Amino acid sequence: MSESKTSGIQHSLRLMKRSLGYFMPYKKRIMLGVAGMLVVAPCAAATAWLVKLAVDDVLIKKDMLALQLVTLGVIGLMTLKGVFRFIQVYYMNTAGLYAINDIRKELYSRIMYLPMNFFNDTQVGMLMSRILNDVGLVRTSLPSLIMLIREVFTVIGLTFYVFYLDWELAFWGVLVMPAVLYPFITFSKRLRKLARKAQTSVSDVSVLLQEGLSGIKVIKGFATEKRESARFNDEAHVYVDVSCKQIRATEQSSRIMEIIGSLAAGLVLWYGGTRVIQGDLTSGALLSFLTSLALLYEPIKRINATNIDLQMALTGAERVYEIMDMAKLVSEKGGTLTFDEPFRELVLEDVTFSYDNTPRPALENVNLVVKAGERVAIVGSSGSGKSTLANLLPRFFDPQQGRITLNGHSLKDYDLKSLRRATGMVAQDTFLFNATVAENIAYGSVSEYSQDEIEAAAKAAYAHDFILELPQGYQTLVGERGVKLSGGQKQRLTIARAILKNPPLLILDEATSALDTESERIVQLALENLMQSRTSVVIAHRLSTILTADSIVVMENGRIVDQGRHATLLERCEIYRRLYEMQYGCAQ
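Cut-offs applied
- Residues numbered from 1 in each chain as written.
- Predicted model: local features only at pLDDT ≥ 70, side-chain atom pairs only at ≥ 80, totals over all residues.
- Heavy atoms only, no water.
- Pairing = 2+ DSSP bridges.
- Helix = DSSP H or I, 4+ residues; strand = E, 2+ residues; numbered from the N terminus.
- Core = buried A, V, L, I, M, F, W, Y, C linked by side-chain atoms within 4.5 Å.
- Buried < 20%, exposed > 50% of the residue type's maximum accessible area, 1.4 Å probe, protein only.
- Contact = heavy atoms within 4.5 Å.
- Patch = residues over 30% accessible without salt bridge, like charges linked within 9 Å, V, L, I, M, F, W, Y side chains within 5 Å.
- Areas by Shrake-Rupley, 256 points an atom, 1.4 Å probe, with all protein chains shown as cover.
- Salt bridge = Lys/Arg side-chain N within 4 Å of Asp/Glu carboxyl O.
- Axes fitted to C-alpha atoms, helices over the stretch in contact; angles between N-to-C directions.
- Phe/Tyr/Trp six-rings, centres within 6.5 Å; stacked < 30°, edge-to-face > 60°.
- Parallel < 35°, antiparallel > 145°, perpendicular 65-115°, else oblique.
- Left-handed = near helix turned anticlockwise from the far one by under 90°.

Asker: I keep staring at the pairing of strand S4 (residues 401-406) and nothing clicks. Help me out?
Answerer: As a general feature of sheets, a regular strand has side chains that alternate between the two faces. Relative to S4, strand S1 (residues 345-353) runs antiparallel, the two being bridged by five bridges. Paired with Glu349 across the strands is Arg403, a residue of S4. Pairing of S4 with strand S5 (residues 409-410), which is carried by two bridges, proceeds in the antiparallel orientation. Note that in S5 the partner of Thr405 across the bridge is Ser410. The loop that links S4 with its antiparallel partner S5 comprises two residues; one of these, Asn407, has a positive phi angle of about 55°.

Asker: Quick question: what am I supposed to make of the nonpolar core here?
Answerer: When a protein is soluble and globular, its nonpolar side chains tend to lie buried together. Judged by nonpolar contacts, the single largest core of 45 residues is most densely connected at Val379, Ile441, Ile467, Leu493, Leu530, Ile546 and Tyr576. Per-element tally for this core: the top contributor is helix H18 (residues 487-501), with six residues. When sequence neighbours within four positions are dropped, the list of residues in contact with Ile546 reads Ala377, Val379, Val538, Ala540, Ile552 and Tyr576. Of all hydrophobic cores here, the second largest spans 36 residues; its members include Met92, Ala95, Ile111 and Val207.

Asker: Help me understand the sheet that holds strand S2 (residues 363-371), please; the structure alone is not making it clear to me.
Answerer: Strands in a sheet are paired, the pairing made by backbone hydrogen bonds, and the direction either parallel or antiparallel. In spatial order, the strands read S2-S1-S4-S5; together these four strands make up an open sheet with antiparallel pairing. Looking at which strands have only one partner, the edges of the open sheet turn out to be S2 and S5.

Asker: I would appreciate a short explanation of a nonpolar patch on the surface in the present structure.
Answerer: Together, Leu38, Ile149, Val152, Phe153, Ile156 and Phe160 give the surface a local cluster of nonpolar side chains, amounting to about 560 Å² of exposed area. If one sorts the elements of the nonpolar patch by residue count, helix H7 (residues 141-165) sits on top with five residues. Relative to the helices and strands, Leu38 resides in helix H2 (residues 27-40). Residue classification places Leu38 among the partly exposed positions, given a relative accessible area of 48%.

Asker: Is there a simple way to explain the sheet that holds strand S8 (residues 535-539) in this structure?
Answerer: Read across the open sheet, the six strands follow the order S6-S7-S8-S3-S9-S10; overall the sheet is mixed. Bordering the open sheet on either side are strand S6 (423-427) and strand S10 (559-564), each of which pairs with just one other strand. Here the average twist between neighbouring strands, direction ignored, is 15°. Bridge analysis of strand S7 (residues 505-509) against S8 gives five bridges, and the strand direction is parallel.

Asker: I'm lost on the packing of aromatic side chains in this one. Help?
Answerer: Geometry of an aromatic ring pair is reported as the spacing of the ring centres plus the angle between the planes. Summed over the entire model, instances satisfying the criterion amount to eight aromatic pairs. Centre to centre, the rings of Tyr90 and Tyr91 are 5.0 Å apart; their planes meet at 80°, and the pair counts as edge-to-face. Take Tyr91: its relative accessible area is 23%, and that puts it in the partly exposed class. Here Tyr355 and Phe397 contribute two aromatic rings whose centre-to-centre distance is 5.6 Å and whose plane-to-plane angle is 85°, an arrangement assigned as edge-to-face. With a gap of 42 residues between them, Tyr355 in the loop between S1 and S2 and Phe397 in the loop between helix H13 (386-392) and S4 connect regions that are remote in the sequence. Judged by relative accessible area, which is 28%, Tyr355 ranks as partly exposed. An aromatic cluster is defined as three or more aromatic residues linked by ring pairs; in this entry it consists of Phe86, Tyr90 and Tyr91.

Asker: Quick question: what am I supposed to make of the environment of Lys501 here?
Answerer: With respect to the helices and strands, Lys501 occurs in helix H18. A relative accessible area of 36% places Lys501 in the partly exposed class. For the pair formed by Lys501 and Ala422, sequence separation is 79 residues and the distance between their alpha carbons is 8.5 Å. With residues near it in sequence (within four places) discarded, Lys501 still touches Arg420, Arg421, Thr423, Gly424 and Tyr449.

Asker: What exactly am I supposed to notice about the packing of helix H16 (residues 451-460) against H18 here?
Answerer: Helix packing for two helices is described by the angle between their axes and how far apart those axes are. At a minimum axis distance of 8 Å, the contact between H16 and H18 shows a crossing angle of 125°. Considering the angle they form, H16 stands oblique to H18. When the axes of H16 and H18 are compared, the crossing they make is right-handed. Here Glu453, Ile454, Ala457, Ala458 and Ala460 of H16 come into contact with H18, specifically with Ala496, Ile499 and Leu500.

Don't take any of this as a statement about function, it's just geometry.
Encoded structure:
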C-alpha cells in the first residue's frame, strides 16, 4: 500500500475516532442501538432457512405441522426484526442528533470567543455553512459505522450458512465476491473528493445568500437584482454540477455491485440447476441457497451505500475540525484582574497596530492619556486611525507594539468580561437583535432590570415617547438589525442600552454621523445625558458635536499630530483648521 493511501486511511481513522468521541456521552442509546443491530444481523440467515423449510417440508412434503411452524416463524421473525430494527435506527439516530448538537454548540462557542481579526477575514456565510451543513453530516458517522458493522456480521453469518448448505454451490456463489472490493475502494476516494467540492460549493452559495439578503437595500438601490441573481445562479449551478457527479459516482458504484451479484447468482443457478436436473439437489435446497445468496449480496450493497454515507460524514468532520483546529485561531484570553474600581486613568504608550496584509500601520507610536471625568474627542480624515484606536480600548484588537494601561494595569491583566462591562460603546453602525425593544435595551445585563429601570434609560435617551407609539410599546419586536425602526430610533435604543449598562468609560464612534439634522439633534441630547459625569472618548466626524470637549486629538495617517482645545487647535493645527473650514465653509 502506498504511503499516501496509508496516510489517507490514518487520517480517516483519526476523524472517525474524534467524531465518535462526541457520541460517548450517550452510551445507553448507543448500547440499545447495538443490541438492536445484533438481533437484526442474523435475521437474514434465519429467513433463508425458513425458505428452505417452506419449499421442502410444506410445498413438496405437504406437512401441515411444518406449515404452521413456518407461518409462525415468518411472523415471529419479521416482528422481531421490525422491533429491533426500530430500536437500532431510533436510538442510533437520536444519539447522532444529540452528538451533532454538542458539536454545533462547541463550534459556535469556539467561534464566539475568537478575536475580531478572525471575523475581518472570514465570510459569515461560510461559518453558517460549517455550523449548519457540515456539522449535520457528522451525525451519520456512528450510525453509518454501526450499520457497516451490522452488515459485515450479516455477510459473515450468511457466508457460513451458504457453506453449511452446500459448499460446492457456495464456492460458485462467492467466486466473484472479491470483485466487490473494486467499487468499494475505487469510489471511496472519488466520493470523498466530490463531497469536499459539494460542501465548498454549499458554503459559497451560503455566502452569496447571506450577502444578498443582508445587502438587499444596496442591491435595489443600484438596480442590480439581475446581476446578483445571475451570480447566485452560477454558484448554484456549480453545486448542482458537483451533486450530479456525486450521484453518478454513487450509482456507478451501486450498479457495479448489482452486476457482480447477478454474476454470482447466474453461476449458482447454472451449477445448482444442473444438479437439480441430475437429482443431486432438491428444489428447496436450491431455492434456499439462491435466497441466501440474494440476502448475502444485499448487505454487501448496503455496505457500499453505508460507505458512501461514511465518506460524506468524514468530509463534514474534516471541515468542522478545520475551524476548531486552525493553529492561528487562538481564543481571546484575558488576565485574572477584575475591574471593579472607579475609573482613574487610561494611558496609551507608543501604541502601534497593523491589520493583516496591509502596507502600513493603522496606528503608529500613539501616545494618549485620558483622565477620569474628561471628554476626549478624536478627529481626523477617513483612514486616520480613529476607529482603530477606539477598538483597541475594549481589546477587540491588541497592539503589536506598545501597551495600553487602565488605572496603572495593562489591559491584558484584566479579565475580558469585567473590562468590557466597564466599557460602553455607541457606534455609527447600530446593531439591534430581532427581539423586543425592552430586551434590546437590557441586552447584556448582569442582573435582571425592572421595567422602571428600562423606561428610565429610554427616557434619558429620548426614546420613551417613540417607543410608546410602537404597536406593542416596549414589547414590540424590532425586526432583524432593527429594520422596523429609523436610524435615529435605533441609535437612541443603543444609547439607552449604554445608559442602563452604566459603564465608567464611554466610547462614541461617530455615533451621529449617519443621521439627518433633526435626528442628530435629538441623539446629541441623548448622548449628553449619557456622557454626563462619565469619562468619554468621542470619535467625531462632525466637529459640532465636540467643540466643548476637554481635549481634542487630531490624527493623520495613524499618528497623533496635535492635541488641545478647540480654540487652540484652530489657531495652530492646519489639519484641524482645514477640517473645520470644510464643515463650516468659512475661514477663521
